Amino acid sequence: MDQAAIDALGNLTVPAQRHIINGQTVAASDGQDMEVLSPLNGQRLTTVAKGTKADMDAAVAAARAAFEDRRWAGQTPAARKNILLKWAELIDTHALELAVLGVRDNGTEISMALKAEPGSAAATIRYYAEAIDKHYGEIAPTQDGFLGLIHKEPVGVVGAIIPWNFPLMIGAWKLAPALAMGNSVVLKPAETASLSLMRLVELAHEAGLPPGVLNAVTGEGPVVGEAMALSMDVDVLVFTGSGGTGRRLLTYAAQSNLKRVYLELGGKSPNIVFADAPDLQEAAKVAAFGIFRNAGQVCVAGSRLLVEAAIHDDFVAEVARVAEAMKVGNPLDLSTEIGAVNSENQLRQNLQFVTTAVEEGGTIATGGGQVLQETGGYFMAPTIITDVAPKATLAQQEVFGPVLAVTPFNDEADAIRLANDSIYGLAGGVWTANLSRAHRMIGAVRTGVIHVNTYGGPDVTVPLGGVGQSGNGHDKSLHALEKYTNLKTAWIKL
Ligand code: NAD
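This structure is a prediction, so every number in the text was calculated from the model and none was measured. (Residues numbered from 1 in each chain as written. Predicted model: local features only at pLDDT ≥ 70, side-chain atom pairs only at ≥ 80, totals over all residues. Heavy atoms only, no water.)

Description of the overall build of the protein chain
Test applied: Helix numbers and strand numbers start at the N terminus; a helix is a DSSP run of H or I with at least 4 residues, a strand a run of E with at least 2. Radius of gyration: C-alpha atoms only; globule rule: 2.2 Å multiplied by the number of residues to the exponent 0.38. Relative accessible area decides the class of each residue, using a 1.4 Å probe on protein chains only: under 20% of the type maximum gives buried, over 50% gives exposed, and in between gives partly exposed. Here the open area of atoms and residues is found with the Shrake-Rupley method and a 1.4 Å probe, where only the protein chains shown may cover a residue. Positive charges are assigned to Lys and Arg, negative charges to Asp and Glu, while His and the chain termini are left out of the count. Charge positions are represented by NZ for Lys, CZ for Arg, CG for Asp and CD for Glu.
Looking only at helices and strands, the protein chain features 15 helices and 21 strands. A globule of 494 residues ought to have a C-alpha radius of gyration of about 23 Å, and the protein chain, at 23 Å, matches this closely. Within the span of the protein chain, comprising 494 residues, buried residues form 57% of the whole. Put simply, the protein chain shows about 19000 Å² of open surface, and 54% of that area lies on carbon and sulfur atoms. The average position of the 38 basic charges and that of the 51 acidic charges among the side chains of the protein chain differ by 6 Å.

Structure below.
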């Protein structure tokens, strides 16, 4: 990849962004914009439309009209597949532009953003595009004289609320299966990461998606997100973000039309290292990368490191060595391994977690503070805190930042008890060369995803979803199609 090309794109002026409703770019109904500050330097990057309830209502109405006249669902599966494949191709062609725009907006290091953002979005859209003409209905095993047909129908209007950490990747996890099933979509990007996602929506139209099928409204969650969730005309609401917002969305659904709500929430994922791990050096490296990439702003981040007591001190020293060697810096520099924290507010929260952890008996093994203040951006050193008691705040609450909590364990039962002592259940990891132990741990650790002798990186072929307060429903894999599908039974007497 070419650093000069990245730098050139990184210096471009970013035009003011408007909503995209019914295939048109439109300003907010009251003409208001909101400033977008770059986490790279704290400076104004551009503005986006500050959406109103009226804007959201207009977007939902456009989506409803597009669904009712079947301009998308009524096309042949092959035609819809071709449009989505063309979209994926355009994303590949514009990958660098999309990645740089997103990084300037949200602060992810470009080396990661290139793979995780346009690369993953294009792969996801291709995957669901290819599924369109291979997804069959069913015939039920009825008694003679009857035919039970199970049709798989689109639900209608899907509302998708996206967070700021990986807008394209997480956006595509929702848009692609929703569109593949023939639904219309209204998208609400996060306040601090709208730009690349809005460009993705433009590219969908360039690929031939009919107007009104995919609409996007920018603005504040409590205004436009709430209007979407309270709408009587949104049939399914899909969300990735914090537990607090997730709870509100369930309430809004109950207060309005009982829309289906699927939540992908936070985590406090345990990464469990046994003394018999096949390669402790590799385990230490992956443990560090599994929490510190994207400055820890990864829902599945291995934020609790549980280490068998016999190897605790040496192993933590090795993780600290890896962390200290990781380059924190300008997210647009290809050699950077840890980019910016997304916002000043998020940075303050991260630092407060460190203070609380020390007050509660934790020891800072490395890091602990803000770095690169001279840039005006929001950067934090990768931070490792040892002696974290199982009930300490840092062991229980999600930071969503580059802060690793370390706790020793004595044996397998102890490891399982600690791992499951959480309201969350999103992801986890187990490092052991003992095959039986690995399978026992897969069964015993309560999470939606568990890694063995690796951490991170499952592709679109496998589901991602949490248990407990990490949410419900699944993104990725063919299972995700179920969220965007209604089963309709036809019972026929022959
Ligand atoms: P957040 O809940 O504040 O915001 C997420 C989205 O919800 C944004 O688009 C925001 O505008 C919108 N929103 C906020 N208030 C709203 C309201 N009242 N009504 C409707 N919409 C509203 O979350 P965040 O802090 O920006 O994101 C980080 C969180 O997301 C972390 O907790 C993280 O673990 C979680 N996350 C989970 C996954 C996953 O797959 N499970 C992936 C990434 C992030």
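That was the structure; now back to the text.
Structural notes on the pairing of strand 3 (residues 33-37)
To keep things clear, this is the line we draw: One bridge is not enough; two strands pair if DSSP finds at least two bridges between them.
The pairing of strand 3 with strand 4 (residues 44-49) spans five bridges and is antiparallel. Its bridge partner being in strand 4, V36 is matched across the sheet by T46. Between strand 3 and strand 4, which pair antiparallel and follow one another directly, the connecting turn spans six residues, one of which, G42, has a positive phi of 75 degrees.

Side note on the sheet that holds strand 21 (residues 485-493)
Spatial strand order, 5-6-21: three strands in an open sheet with antiparallel pairing. Both outer strands of the open sheet, strand 5 (138-139) and strand 21, are each paired with one neighbouring strand and no more. Summarising the sheet, strand 6 (residues 146-154) and strand 21 pair through nine bridges and their orientation is antiparallel. Residue pairing in the sheet places I150 in a bridge with T489 of strand 21.

Some points on empty space enclosed by the protein
Formally: Using only the protein atoms, space was sampled on a 1 Å grid; points where a 1.4 Å probe fits but cannot get out form cavities, open sets with protein on both sides within 12 Å along at least five of seven lines form pockets, and lining residues are those with an atom within 4 Å of a point. Grid points are joined across faces, edges and corners, and a volume is the space filled by probe spheres set on the points. Charged residues are taken to be Asp, Glu, Lys and Arg, nonpolar residues to be Ala, Val, Leu, Ile, Met, Phe, Trp, Tyr, Cys and Pro, and polar residues to be all remaining types, Gly included.
For the structure on display, the rule yields five cavities of 30 Å³ or more. When grouped by side-chain class, the residues that make up the lining of the largest cavity number seven nonpolar, four polar and two charged.

Considerations on the UniProt feature "active site" (unreviewed entry) in the protein chain
Using the following cut-off: UniProt positions are given in the numbering used here, feature names are shortened, and annotations may be inferred rather than shown by experiment.
Within this structure's numbering, the places UniProt gives as "active site" (unreviewed entry) are E264. Looking at where E264 falls in the secondary structure, it is placed in strand 11 (residues 260-264). Using a relative accessible area of 6% as the deciding quantity, one classes E264 as buried.

Topic: the packing of helix 3 (residues 77-93) against helix 7 (residues 195-206)
Helix packing geometry: the angle between the two helix axes and the distance between the axes. Note the threshold: Interaxial angles span 0 to 180 degrees and are taken between N-to-C directions of axes, which are lines fitted to C-alpha atoms, for helices over the stretch in contact. If an angle is under 35 degrees, it is roughly parallel; if it is over 145, roughly antiparallel; if it lies from 65 to 115, roughly perpendicular; otherwise it is oblique. Crossing handedness is read from the near helix: turned anticlockwise from the far helix by less than a right angle, it gives a left-handed crossing, and turned clockwise, a right-handed one. Contacts: residue pairs with any heavy atoms within 4.5 Å of one another.
In contact at an axis separation of 8 Å, helix 3 and helix 7 are set at 130 degrees when each is read in the N-to-C sense. Judged by the angle between their axes, helix 3 and helix 7 are oblique. In the crossing of helix 3 with helix 7, the sense of the turn from one axis to the other is right-handed. Here W87, L90 and I91 of helix 3 lie close against helix 7, whose contacting residues are L200, L203, A204 and E206.

Description of the environment of I132
Within the secondary structure, I132 sits in the loop between helix 5 (110-131) and strand 5. A relative accessible area of 10% means that I132 is categorised as buried. Spatially, the C-alpha atom of I132 lies 9.9 Å from that of A79, the residues being 53 residues apart in sequence. Setting aside residues no more than four positions away along its own chain, I132 makes contact with P77, R80, K81, L84 and A180.

Considering the domain arrangement of the protein chain
So the rule is basically this: Bear in mind that the domain bounds are from an automatic or database domain assignment. As used here, buried area is the combined drop in accessible area, with a 1.4 Å probe, of two parts when they are placed together. Between Lys or Arg on one side and Asp or Glu on the other, a salt bridge is scored when a side-chain nitrogen of the former is within 4 Å of a carboxyl oxygen of the latter. Any N or O atom pair separated by 3.5 Å or less is treated as a polar contact, with the protein-specific requirement of one donor-capable and one acceptor-capable atom, and with residues adjacent in sequence counted only for side-chain atom pairs.
Domain boundaries assigned for the protein chain yield domain 1 (3-265 + 471-491) and domain 2 (270-459). Each partner contributes to the interface: domain 1 provides 25 residues, whereas domain 2 provides 28 residues. Each partner contributes to the roughly 2100 Å² buried at the junction of domain 1 and domain 2, and carbon and sulfur atoms together form 57% of this total. Connecting domain 1 to domain 2 are one salt bridge. The partner of R293 in a salt bridge is E109, and the shortest N-O contact between them spans 3.1 Å. Taken together, the links from domain 1 to domain 2 amount to 18 residue pairs in polar contact (both at pLDDT 80 or more). Among the secondary structure elements, those contributing two or more residues to the side of domain 1 that touches domain 2 are helix 1 (3-10), helix 4 (95-106) and helix 5. Looking at which element gives the most residues to the side of domain 1 that touches domain 2, the answer is helix 4, with five residues. Of the residues that constitute the side of domain 1 that touches domain 2, the class distribution is ten nonpolar, ten polar and five charged.

Brief notes about the packing of helix 4 against helix 5
Packing of helix 4 against helix 5 leaves a shortest axis separation of 9 Å and a crossing angle of 120 degrees. Both helix 4 and helix 5 take part in a crossing whose hand is right-handed. Touching A95, L96, L98, A99, V100 and V103 of helix 4 are I110, A113, L114 and P118, all from helix 5. Of the residues that constitute the contact of helix 4 with helix 5, the class distribution is ten nonpolar, no polar and no charged.

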